[in-house]
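Read off the chains here:
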Amino acid sequence: MTTAKTGDTARRAETAEVLAPAPWARSAPSRGSDPSRGSDASRGSDASQGSGASRDSDSLRVTAVRTFLCAPQGCPYVIVRVETNQPGLYGLGCAGDPQRTLAIRSVVDDYFGPMLLGRDPHDIEDLHRLLLNSGYWRGGSIAQNALAGVDVALWDIKGKAAGLPLHQLLGGRAREAAEAYTHVDGHEAGEIAERVLAAAERGYRHVRVQVAVPGTDTYGTAPRDEAEARRRRLRAGSWDSLGYLRHVPPVLRDIRERVGTGVELLHDAHERLTPSQARELVHEVEDARLFFLEDALAPEDAAHFGQLRRAGSVPLAVGELYHDITMYLPLLEQRVIDFARIRVPTLGGLTPTRKLVAACELFGVRTAPHGPGDVSPVGMAANLALDISSPAFGVQEAAAFKEATLEVFPGAPVPREGRLYPSELPGLGVDFDESAVRRYPVTGPLEHDRWALLRNVDGSVQRP
């Protein structure tokens, strides 16, 4: 079950050792927070000051860090709220790993939150580095997602304090709106082509197409009936890479013939292929003229991207599984990918991701931020701030948020005629309804893991 942990952070902070602030940091107010929020930062801030520290009652300080688990979209979200001693000034962040929500929440509640109490939320670079280095073994998906939840919330605070939408803090507009892509799937080329054209009628110029492979548990496609849906839920089926390679390329070529050249087609292999199989796929889908082929290789096989580049001219996209921006650097330097599938929560927030986006611009790689349903509207708003402000932007994946999700997150980014338009409200422009969220609790810790428990036809474990 999931409700807000109000007060846990402050209580733990009473026994936590608070590290010293940066030399330029001003001291915190002695009693500037609302006790009902469990947000008294005075104990933590006093402990971090030297004996000669002066007091400035006007200083902005973090008074509480709160986490929420909810599932209005069906998948678990971890939402972080960083509160300050200025009434009504708080920031929201998305710590979005739906398989490890409890672990991420613990990192925020038990470690990062207590360290932030009493600190100046404006010093984002300093705080990001402080939290990153606080675990001697740095990085990893769990720690990076937790760090992202805090980091994006600090950027939200900075935008609100400045009275500016977040894209203005990142350099202002490079474009009016962000081109978005939607998803369609099906079993036959004809039905998929009809759905592509229907999406184009709604204004989408980019559409991801996923093709169901008969007799195999195919990523990104809806089950035909309840029996197949049950097999998918239980992962009672299997994955057949050879069946995929035989079936999918000709269907993609057929779809291209049916829809013409007026709409861009994307396809996601979802890292289920060996390097040699990925080379074959690149060669076989040439005539489908894809906008990009996503995740033809897993992160572990990234060294093979040079071979994929030589296998054909299909634009290549990768990155949603990367949890460290340095994982992209060899691919950028070798110029073997065309799109970086950045995932702001898993990369540790906006602070590192904006630097990666700048590197992509320098190397001629475009961004295609990860935006499925398991990235909350808060995370999508962070994506959009980068999309609008960066010359490197290519296309934004855009989930169709459910009505429940729109209820919980007022101001959520919603595509209009295939584009996402930035909010002009200060900060992210997205809020969080704490009263509504209680109606959408998450399931048990292992329930959302089931989708990933995939096997090959020989019974061996396959990537999801």
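Quantities reported herein were computed from a predicted structural model and do not represent experimental measurements.

Enquirer: Looking at this model, I keep getting lost on the sheet that holds strand E1 (residues 62-70). Mind explaining?
Expert: What holds strands together in a sheet is hydrogen bonding between their backbones, with the strands either parallel or antiparallel. Strand order in the open sheet formed by three strands is E1-E2-E3, with antiparallel pairing between adjacent strands. Looking at the sheet topology across the chains shown, the edges are occupied by E1 and strand E3 (90-94). Between one strand axis and the next, the sheet turns by 20 degrees as a mean value, whatever way the strands run. The sheet contact formed by strand E2 (residues 77-84) and E3 spans five bridges and is antiparallel. Residue Glu83 lies in a different strand from E3, and its bridge partner there is Tyr90. Of the strands in this sheet, E2 and E3 touch helix H5 (residues 141-162), which is tilted by about 145 degrees from E3.

Enquirer: It is not clear to me how the pattern of salt bridges should be interpreted in this structure. Could you clarify?
Expert: Where charged atoms of side chains with opposite charge meet at close range, the side chains can pair. Scanning all chains against the criterion turns up 31 salt bridges. Taking the shortest distance from any N to any O, the salt bridge between Asp268 and Arg208 comes out at 3.7 Å. Taken together, the residues span a long stretch of sequence, with Asp268 in strand E6 (residues 264-268) and Arg208 in strand E5 (residues 206-211) at a distance of 60 residues. With its nearest N and O atoms 3.4 Å apart, the salt bridge here joins Arg341 to Glu320. A residue pair is termed long-range when its members are at least 10 positions apart, and Arg341 in the loop between strand E9 (339-340) and helix H13 (350-363) and Glu320 in the loop between strand E8 (316-318) and helix H12 (329-334) qualify at 21 residues. Note on Arg341: relative accessible area 1%, which makes it buried.

Calculation rules
- Residues numbered from 1 in each chain as written.
- Predicted model: local features only at pLDDT ≥ 70, side-chain atom pairs only at ≥ 80, totals over all residues.
- Heavy atoms only, no water.
- Pairing = 2+ DSSP bridges.
- Helix = DSSP H or I, 4+ residues; strand = E, 2+ residues; numbered from the N terminus.
- Axes fitted to C-alpha atoms, helices over the stretch in contact; angles between N-to-C directions.
- Contact = heavy atoms within 4.5 Å.
- Salt bridge = Lys/Arg side-chain N within 4 Å of Asp/Glu carboxyl O.
- Buried < 20%, exposed > 50% of the residue type's maximum accessible area, 1.4 Å probe, protein only.

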